[in-house]
Every structure is written in C-alpha cells, then in structure tokens.
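# Structural characterization, general
Here is what each chain is made of, one letter per residue.
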Amino acid sequence: MLEILDVHVGYGRTMVLHGVDVHVPTGGVTAVLGHNGAGKTTLLRAAVGLLKPRSGRILLDGEDITRLPTFERVRRGLAYVPQGQQSFGELTARENLQLVADTRKDGAQRMADAMDLFPALAGFLGRRAGLLSGGQRQQLAIARALITGPRVLLLDEPTEGIQPSVVTEIEDAILELTDTGDLSVLLVEQHVGFALGAAERYTVLESGRSATSGAGGEEAEEAVRAAMAV
Ligand SMILES: Nc1ncnc2c1ncn2[C@@H]1O[C@H](COP(=O)(O)OP(=O)(O)OP(=O)(O)O)[C@@H](O)[C@H]1O
Ligand SMILES: [Mg+2]
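Basis of the calculations
Residues numbered from 1 in each chain as written. Chains lettered and ligands numbered in written order. Predicted model: local features only at pLDDT ≥ 70, side-chain atom pairs only at ≥ 80, totals over all residues. Near = placed C-beta within 6 Å. Helix = DSSP H or I, 4+ residues; strand = E, 2+ residues; numbered from the N terminus. Nonpolar A, V, L, I, M, F, W, Y, C, P; charged D, E, K, R; others polar. Pairing = 2+ DSSP bridges. Core = buried A, V, L, I, M, F, W, Y, C linked by C-beta atoms within 7 Å. Buried ≥ 20, exposed ≤ 12 C-beta atoms within 10 Å, placed from the backbone. Contact = placed C-beta atoms within 7 Å. Expected span 1.5 Å × (residues − 1). Axes fitted to C-alpha atoms, helices over the stretch in contact; angles between N-to-C directions. Parallel < 35°, antiparallel > 145°, perpendicular 65-115°, else oblique. Left-handed = near helix turned anticlockwise from the far one by under 90°.

### So, the site of ligand 1
With respect to spatial proximity, 13 residues lie near ligand 1, and among them Tyr11, Asn36, Lys40, Thr41 and Thr42 are the closest. When residues of the shell around ligand 1 are traced back to their parent elements, those giving at least two are β2 (14–24) and α1 (40–48). Per-element tally for the shell around ligand 1: the top contributor is α1, with 3 residues. Considering only residue class, the shell around ligand 1 consists of 3 nonpolar, 9 polar and 1 charged.

As structure tokens, then:
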C-alpha cells in the first residue's frame with residue numbers, strides 16, 4: 001500500500017501542493033484527477049522522490065520512504081511512467097525493454113509477461129522508439145516499467161493523445177495487472193470515464209489540494225464531473 005499523507009510540495013519558493021492525501025491500496029487502482037496545472041505530475045514526482053516534500057509523509061507498506069532517494073524507492077518497488085511516453089528514441093522498442101531486462105535475473109520472464117500483456121508490442125519491437133505512435137510508445141513505456149518488477153506503478157496520463165482503441169487496451173492491461181492482487185496503480189488522468197472505469201478510489205486535485213475523493217466506478221462520474229467543473 002502506498003500512502004501519501006498531507007504532502008506539501010513546491011518548486012523553489014512556489015508551493016504547488018498544499019496538503020494532499022492519496023491512498024493506493026495493495027492490489028488496487030487509485031485515480032488522481034484534476035485540470036491542467038492542478039499538481040498531478042508534481043504529486044507523482046514527489047511520490048517517486050524526484051521532488052522533496054516540504055512537509056508530509058509518504059509510506060510504502062507502512063515504511064516511511066519520504067526521505068529516501070529515487071533509486072531506493074525503485075528498489076523497494078515503485079515504478080514511474082512519466083507523462084509524454086518517453087523512451088530512448090534512437091533505440092528500438094526491443095532494445096528499450098532489453099535495457100531494463102538485463103538488470104534483472106528474471107528479466108527474460110518479465111519481458112515475456114510484458115509481451116503477453118501488450119500483444120501489439122510484438123508488431124513493433126524492431127522499430128526505433130522515436131518512430132512509434134503515441135499509443136505504441138505508451139505501451140512500450142508501461143511494459144518497460146513492468147519489467148522492473150514493481151509493486152506500485154505510477155502512471156501519468158497514459159491516455160493523453162491516444163486513440164480510443166489503444167485506450168481500451170491500456171485499461172484492460174491495468175485491470176489485468178491488478179487482478180492478481182500484487183500490483184497497485186496510482187493513475188493520474190484527465191479522462192474521467194477511463195479513470196473511474198479502472199479505479200476503485202479517486203481523488204480530485206484542485207489547485208494543489210485534495211478537493212473530493214471517494215469510491216470509483218461509473219456512479220462516481222457525476223460527482224467527479226461536478227468537482228472538475230468548478
Ligand atoms: N519545474 C517547475 N518549476 C516551477 N513550477 C512548475 C514546474 N513544474 C510545474 N510547475 C508548476 O506547478 C503547477 C502544477 O504543475 P503540474 O505539472 O504538477 O500539473 P499537472 O496537474 O500535472 O498538469 P497537466 O495536466 O497539464 O499535466 C503548475 O502551476 C506548473 O506551472
Ligand atoms: Mg501533468
């Protein structure tokens with residue numbers, strides 16, 4: 001379980017998050033919604049240790065990881081897929097995956113699992129990542145993160161700029177991954193339908209504060225849309 005407790009985070013003197021609480025239960029999906037600039041990416045960067053909270057705590061399975069460096073958080077099971085589907089553009093999709101698989105004893109098995117999860121990957125493994133479509137790059141980025149063997153996957157707007165059929169493939173993959181109960185997902189989204197379809201819990205961020213939170217599912221859509229309309 002990942003718990004983000006009352007975190008305050010900023011850039012220099014400018015504070016962006018003013019006390020945000022997010023809980024990601026073991027084997028569950030929690031969605032963080034909010035408009036452009038609400039602080040969603042800032043929250044994920046703080047969770048993985050790329051930004052230091054001014055105050056507040058971050059717990060992974062009850063252990064305080066607030067002051068740990070990023071590599072240590074990754075070693076303990078966090079994996080972060082940044083916004084914008086970044087990969088090593090000059091390398092092929094296969095090389096992008098192999099790079100991570102080579103760092104793990106079970107890398108070959110994990111690479112095979114990632115290929116099972118995203119069957120479409122097989123069709124573009126030999127292509128340079130920089131030449132892939134947005135949807136293909138997103139699948140590649142999630143697959144690469146999974147090869148690190150995470151317990152908590154942090155996804156920043158995986159559906160941004162992606163065609164609906166690929167959005168469905170990504171949603172199916174998230175649900176399949178969390179089905180086994182081992183992996184938790186913190187999903188940052190602006191796409192309300194997608195987020196609530198995948199998530200058991202949601203939090204709406206509004207100008208760096210947790211404005212509304214509750215149980216996911218389609219029933220929550222009205223409350224979320226109302227919270228985001230203001
Ligand atoms: N490196 C930075 N230095 C200073 N301010 C920043 C920096 N990165 C983001 N900000 C500011 O922090 C606020 C929150 O940005 P953030 O990227 O977390 O929002 P977001 O919710 O992820 O938005 P989007 O949906 O557009 O990705 C914005 O006002 C932004 O201008
Ligand atoms: Mg963002």
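### Quick notes on the pairing of strand β4 (residues 55–60)
Taken together, the 5 bridges between strand β1 (residues 2–11) and β4 define a ladder with antiparallel strand orientation. By the bridge assignment, Glu3 is partnered in β4 with Leu59. As paired strands, β4 and strand β5 (residues 63–64) are joined by 2 bridges and run antiparallel to one another. Counterpart to Leu59 in the pairing with β5 is Asp64.

### Let's talk about the nonpolar core
Of all hydrophobic cores here, the largest spans 64 residues; its most connected members are Ala31, Ala143, Leu154, Leu186, Leu187, Ala195 and Tyr202. Sort the elements by how many residues they give to this core and helix α5 (residues 134–147) lands first, with 7 residues. Apart from the residues within four sequence positions on either side, Ala31 is in contact with Leu187, Glu189, Ala195, Leu196, Ala198, Ala199, Tyr202 and Gly216.

### As for α5
When the terminal C-alpha atoms of α5 are compared, their 20 Å separation across 14 residues agrees well with the 20 Å that a helix rising 1.5 Å per residue should span. Within α5, 13 of the 14 residues are buried, leaving the element largely enclosed by the surrounding structure.

### Things to note about the sheet that holds β5
As summarised here, the arrangement of the 4 strands in space is β2-β1-β4-β5, forming an open sheet in which the pairing is antiparallel. Because the sheet does not close on itself, it has two edges, and the strands there are β2 and β5. Here 8 bridges tie β1 to β2, and the two strands are oriented antiparallel to one another. When the sheet's bridge partners are listed, Ile4 is paired in β2 with Val22.

### Details of unusual backbone geometry
Here the phi dihedral of Asp6 falls at roughly 50°; this positive angle occurs in a residue that is not glycine. Turning to its location among the elements, Asp6 is positioned in strand β1. Positive phi, normally seen in glycine, also occurs at Ser207, with a value near 45°. Of note, Ser207 is situated in the loop between β9 (201–206) and β10 (209–215). A count of 13 C-beta atoms within 10 Å places Ser207 in the partly exposed class.

### A short note on the packing of helix α3 (residues 93–101) against α5
Viewed as axis vectors pointing N to C, α3 and α5 meet at an angle of 20°, and their least axial separation amounts to 8 Å. With respect to each other, α3 and α5 are oriented roughly parallel. Crossing hand, α3 versus α5: right-handed. Of the residues in α5, those touching α3 at Ala93, Asn96, Leu97, Val100 and Ala101 are Leu140, Ala143, Arg144 and Ile147. Per-class residue counts for the contact of α3 with α5 are 7 nonpolar, 1 polar and 1 charged.

Honestly, that's just the spatial picture; any functional story needs more than this.
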